[in-house]
Amino acid sequence: MRVLRASRLSISGTASTTKLPPSRRRGEVNKWQADYLMQTRDGRRIWVSDISYPWFGADGAIIGSIGSLRDITDRVEAEARARAEAESLLRQTLEKQQRVLGPEHPDTFVTITVLAAVCEAQDRPWDSEMMLMQLWKLQKRVLDRTTSKRWLRLATLVPCSVGRDVMRRPSKCATSI
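### Description of the overall build of the chain
Stage number 1. Check the secondary structure of the chain and you find 5 helices and 5 strands.
Stage number 2. Residue burial in the chain is summarised as follows: out of 177 residues, 21% are buried.
Stage number 3. Entry remark: accessible area of the chain is about 13300 Å², with carbon and sulfur atoms responsible for 57%.

### Thoughts on the sheet that holds strand β1 (residues 32-39)
Stage number 1. With antiparallel pairing, the 3 strands of this open sheet are ordered in space as β1-β2-β3. Two strands lie at the open edges of the sheet, namely β1 and β3 (62-71), each paired on one side alone. Averaged over all pairs of adjacent strands, the angle between their axes in this sheet comes to 35°, without regard to strand direction.

### Considering the pairing of β3
Regular strands show a simple pattern: their side chains alternate between the two faces of the sheet.
Stage number 1. Pairing between strand β2 (residues 45-56) and β3: 9 bridges, direction antiparallel. Considered in β3, the bridge of Ile 51 is made with Ser 68.
Stage number 2. Here β2 folds back onto β3, and the loop between the two strands holds 5 residues, one of which, Gly 60, carries a positive phi near 90°.

### Considerations on helix α4 (residues 106-121)
Counting along an α-helix, one turn takes 3.6 residues, and residues three or four places apart therefore face a common direction.
Stage number 1. A rise of 1.5 Å per residue sets the reference length of α4, with its 16 residues, at 22 Å; its end C-alpha atoms lie 23 Å apart and thus fit the reference within 8%.
Stage number 2. Residues Thr 108, Phe 109, Thr 111, Ile 112, Leu 115, Ala 116 and Cys 119 constitute the buried set of α4. The buried side chains of α4 occupy one side of the element, clustering within an arc of 165° when seen end-on. Of the exposed residues in α4, the ones pointing more than 90 degrees away from its buried face are Pro 106 and Ala 121.
Stage number 3. Asp 123 lies just past α4 and shows a positive phi near 60°.

### So, the pattern of salt bridges
Stage number 1. Under the counting rule described, the total for this entry stands at 7 salt bridges.
Stage number 2. Asp 35 is paired through a salt bridge with Arg 75; the nearest N and O atoms lie 3.3 Å apart. Linking Asp 35 in strand β1 with Arg 75 in helix α3 (residues 73-100), this pair joins segments that are 40 residues apart in sequence.
Stage number 3. Exposure remark for Asp 35: the relative accessible area of 40% places this residue in the partly exposed category.
Stage number 4. For Glu 104, the salt bridge is made with Arg 141, and the minimal N-O distance between the two is 2.9 Å. One end of the pair, Glu 104, is in the loop between α3 and α4; the other, Arg 141, is in helix α5 (residues 125-155), with 37 residues separating them in the sequence.
Stage number 5. You can call Arg 141 partly exposed: its relative accessible area is 41%.
Stage number 6. If you follow the salt bridges from partner to partner, you end up with Glu 87, Arg 91, Arg 124 and Asp 127 in one network.

### Looking at the confidence of the model for the chain
In regions of low pLDDT, the predicted coordinates are not meant to be interpreted in detail.
Stage number 1. Here the chain shows a mean pLDDT of 76. Residues at 70 or above account for 69%.
Stage number 2. Mean pLDDT across the elements of the chain bottoms out in strand β5 (residues 167-168) (44) and peaks in α3 (93).
Stage number 3. Across residues 1-17 the pLDDT falls below 50, and counting only partners more than four positions away or on other chains, this stretch makes 24 contacts in the model.
Stage number 4. Within the model, pLDDT remains below 50 along residues 158-177, and this stretch shows 18 contacts once partners closer than five positions in the same chain are excluded.

### Comments concerning the environment of Gln 139
Stage number 1. In this fold, Gln 139 is placed in helix α5.
Stage number 2. Along the chain, Gln 139 and Pro 103 lie 36 residues apart, while their C-alpha atoms are 9.8 Å from each other.

How each quantity is defined
Residues numbered from 1 in each chain as written. Predicted model: local features only at pLDDT ≥ 70, side-chain atom pairs only at ≥ 80, totals over all residues. Heavy atoms only, no water. Helix = DSSP H or I, 4+ residues; strand = E, 2+ residues; numbered from the N terminus. Buried < 20%, exposed > 50% of the residue type's maximum accessible area, 1.4 Å probe, protein only. Areas by Shrake-Rupley, 256 points an atom, 1.4 Å probe, with all protein chains shown as cover. Pairing = 2+ DSSP bridges. Axes fitted to C-alpha atoms, helices over the stretch in contact; angles between N-to-C directions. Expected span 1.5 Å × (residues − 1). Arc of directions from axis to C-beta. Salt bridge = Lys/Arg side-chain N within 4 Å of Asp/Glu carboxyl O. pLDDT = per-residue confidence, 0-100. Contact = heavy atoms within 4.5 Å.

Have a look at this one:
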């Protein structure tokens, strides 16, 4: 873990309480914790974790905050690499499932759904939408093939009495159509 020292790092920008959420400015937040992307004076971008507490004066009014900033750039970059690797493995799994099980297998549908969720979580809605469109087309193809068989099965079900939601086979009903 690296400790930031403003004198060594020279973070650009100024602290301003007007940029803080109103609840934090009023001192209603006991502990504040957030991660920020900051730019150093030499142009590098770093991620920092801010943990701070309100500092109250003798009259109870907030006069500032006491806290620390910690450089978490390595952690954020490692998480990004892990997400990219997980997505790559998921795509490989999808390709193998489509080859072995077929593109219309339920497990393939699940993998496509998970991959779409991963893309959405990584702020890539266009990739997510493409995956969900692919899934929709595959599901539609499956439904189109099985719909005629399902309609035949559903056609053999008739209501046995008025006002009841129970469906029975015609052979078991007193009146059949």
